[in-house]
Amino acid sequence: MAAFRSVVVFATDGVSTFDIGGIGAIFADRLEAELPPFDFTVCAERPGPLRTDLGLSMHVTHGLDRLDKADLIILMPGYDTRPDPTPELVTALRSANRRGSIIAAFCTGTHLLAATGLLDGRRASTHWHLLEDFATLYPEVTVTADTLYIDEGLVITGAGIVAGIDMCLHLLRREHGTAVANAAARALVAAPHRDGDEAQFIDRSVPGNEDDLFTEVVGWARANLDKPLLVNDLAAQALMSPRTFARRFRAAMGTTPHSWLLTQRLNHAEQLLETTDLRIEEIARLVGYNSVAVFREQFTKRRGLSPRDHRRRHDRRSEPDASVEAAFRTAG
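Residues numbered from 1 in each chain as written. Predicted model: local features only at pLDDT ≥ 70, side-chain atom pairs only at ≥ 80, totals over all residues. Heavy atoms only, no water.

Read from one edge of the open sheet, six strands run β2-β1-β5-β6-β10-β9, paired in mixed fashion. Edge positions in the sheet fall to β2 (39-43) and β9 (149-151), since each of these pairs with one other strand and no more. Here the strands of the sheet are splayed against their neighbours by 15 degrees on average, with no regard to which way each runs. Its contacts with the sheet put helix α2 (residues 87-99) on β1 (6-10), β5 (72-75), β6 (102-106) and β10 (155-158), and the angle it makes with β5 is roughly 145 degrees. (Pairing = 2+ DSSP bridges. Helix = DSSP H or I, 4+ residues; strand = E, 2+ residues; numbered from the N terminus. Axes fitted to C-alpha atoms, helices over the stretch in contact; angles between N-to-C directions. Contact = heavy atoms within 4.5 Å.)

If you want it as structure tokens, here you go:
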């Protein structure tokens, strides 16, 4: 199946001004720079004016019929923490799902998606302050606390505003490759990739004296990904016991050392798959796996494609990095 091109945002009264602008910036059309062109539009239940969370009036020209043409549908958050979709919206979203369209939602938009029944039997993420209410309203959905986003293939859900950007960058990476996602992140001055199971917030919001220490440790780890590093190795580099290191690392980084290491290995593997002719076995070794079978299993589980299929889908060696950079630099 081809990567998505048509992106349609569904909005209601109270839609976040920040979200509309941020999501729109991610999918801005940059065809002149030979990057994937996205047809980005906003639709509502009925065409006409909507009022944003800041009280601004936004005129929407498209109704639900626009969903029929969407490869990717994003349900935006609104005022209502318990949205009740109309039968027409439920029908349109279910039809899109059957066609193979990707449907993404975050914050209260996840409630809207759950109310259609499309999340039944699946895992989902939402904003931390909505978790208890969400679990009560939708018992058929396995809501996962303290995650940024959860990818279930044709449906993907995220937490708050910034996690919605992380979710969309993840979709860009998944469907269009690392180079495109990284370039979009640079334009937004955002982290190019945050793994979905990272915490929605960290315990310590004010930097402490050990921040420099963790910067050194993660720098050292990234430079040694070809070695089979364990959490104990990182702890030794920080001159801490493994238990103390794991606790302080999660407080500072929002994820466990093991999960962080796995993400770094797979990120590096993606880059090598997309930009080199190295054999899968060699790439597995360069990112720290002694077993190519384990590498394939972990990559497929976390990225949704096998390493070989990822290479076939996202091979961008014929496209110069400069064109990717230039395309998104215009969005800054």
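Grouped together as the largest cluster of nonpolar side chains are 38 residues, with contacts concentrated most on F4, I23, F27, L72, I74, M76 and L172. Counting residues per element, the ones that place at least two in this core are β1, α1 (17-26), β4 (57-60), β5, β6, α5 (161-176) and α6 (178-188). Non-local contacts of I74, meaning those with residues more than four positions away in its chain, are made with V7, V8, V9, F10, I23, F27, A104, F106 and C168. The next biggest cluster of nonpolar side chains, apart from the first, holds 24 residues, and it includes V8, L67, A70 and L119. (Core = buried A, V, L, I, M, F, W, Y, C linked by side-chain atoms within 4.5 Å. Buried < 20%, exposed > 50% of the residue type's maximum accessible area, 1.4 Å probe, protein only.)

With that out of the way, let us pick up the confidence of the model for the chain. Here the chain averages 82 in pLDDT, while 84% of its residues score no lower than 70. When pLDDT is averaged over each element of the chain, β5 comes out on top at 96 and helix α14 (residues 321-329) at the bottom at 44. When the criterion is pLDDT under 50, residues 198-210 qualifies, and its contacts beyond four places in sequence or with other chains add up to 32 contacts. Segment residues 318-332: pLDDT under 50, and 21 contacts once partners within four positions in sequence are set aside and those in other chains are kept. (pLDDT = per-residue confidence, 0-100.)

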